[in-house]
Amino acid sequence: MNASSSLVALQQISHTFGNQKVLDDISANLTEKRICAILGKSGSGKSTLLRVINGMIRPDFGQVWFSGKPLDYENIFLLRLKIGYVVQQVGLFPHMTVQENIELLGKIAHKPVQEVNTRIKVLMDMVGLPTSYLSKYPHQLSGGEQQRVGLCRAMLLQPPLLLMDEPFASLDYATKQAIYQHLLDIQDQESRTIALVTHDWEEAIRLADDFIWMAQGRIKASGDKTKLVEMKNTYLKTL
C-alpha cells in the first residue's frame, strides 16, 4: 500500500475506552480505488478503526488524513458527505420507501431532484433491482435486497470512500455470492476506495485487493492479496 496514492492515511492512532486500549499505535494507508479488508476476530478493534476514519471517534492520539488533509472535526459533517457507510443491520428507515431511503442524502446535500432520480436509477441497475422496488418499504424486501438498497444509499453522492462494517455477515451463502458480484461490478464501473471490515477470510479473498489484519487493537499483518493467500492457515487458527 503506497502512501503517495492513499486516500486515507492513519498515523500512530491510539484510543482507549475506559481502561481498555482498543487501538494501539495504528499506522496504515487506504490506497485510492482499491478494496482493503480489515480482518480480525470480534474485539480486535476493526469497527472502532472504521469510526475513527469517518470522524465518529476522535482518537486520543494520532492523526487521520483524508485526501492529503487532516480531519477537520469542527466540520466533520462535510467530510461524511464524501464517505459512504454500510453496516450489517443496513439501517433503512422502515417508514420510508426505497426511493425515500436512497434519496435522503441527496436532500440533505440539496441536490437537484432530477439529478438524484437519475442517479438512483443508475444505482438500482448496478445492484440488479428493478425500479418498481422504489415504491416498496424495507419490510417487503429480503435481507439481500435490503443490503443492496443500503449500497445504493451509501453511493448516491458518489463518495470517493466507502466504509463497510460486516455488511454481509447475516446473509446466507447464495445471497452473499450474488451481492459480492454486484459489489465487484460496481467497483469496475465506478472505482472507489473501500474499507471492508470482516472476520471472514473467504470474503476478504473474494473482494479485497489489500488487507489489514488486526489483533488486540494492533496491526498483526498487512499487505496485498498474495500475502493474504499465504497466511490463510495462520489467520484461520486465530478465529
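Residues numbered from 1 in each chain as written. Predicted model: local features only at pLDDT ≥ 70, side-chain atom pairs only at ≥ 80, totals over all residues. Heavy atoms only, no water.

Asker: Mind showing me how you'd approach the packing of helix H5 (residues 143–155) against helix H6 (residues 173–189) here?
Answerer: What describes two packed helices is the angle between their axes and the distance between those same axes. As a packed pair, H5 and H6 sit with axes 10 Å apart at the nearest point and diverge in direction by 20 degrees. Taken as axis vectors, H5 and H6 run roughly parallel relative to one another. In the crossing of H5 with H6, the sense of the turn from one axis to the other is right-handed. In this structure, H5 contributes Gly-144, Gln-147, Arg-148, Leu-151 and Met-155 to the contact, and H6 contributes Thr-175, Ile-179, His-182, Leu-183 and Ile-186. Taken together, the residues of the contact of H5 with H6 sort by class into 5 nonpolar, 4 polar and 1 charged. (Axes fitted to C-alpha atoms, helices over the stretch in contact; angles between N-to-C directions. Helix = DSSP H or I, 4+ residues; strand = E, 2+ residues; numbered from the N terminus. Parallel < 35°, antiparallel > 145°, perpendicular 65-115°, else oblique. Left-handed = near helix turned anticlockwise from the far one by under 90°. Contact = heavy atoms within 4.5 Å. Nonpolar A, V, L, I, M, F, W, Y, C, P; charged D, E, K, R; others polar.)

Asker: Explain the pairing of strand E2 (residues 20–31) here, please?
Answerer: For a regular strand, the rule is simple: side chains alternate between the two faces of the sheet. With 8 bridges connecting them, strand E1 (residues 6–17) and E2 associate as antiparallel partners. From the neighbouring strand, Val-8 faces E2, where its bridge partner is Leu-30. Turn length for the E1-E2 hairpin, with the two strands adjacent in sequence and antiparallel, is 2 residues, and the turn residue Gly-18 shows positive phi of about 65 degrees. (Pairing = 2+ DSSP bridges.)

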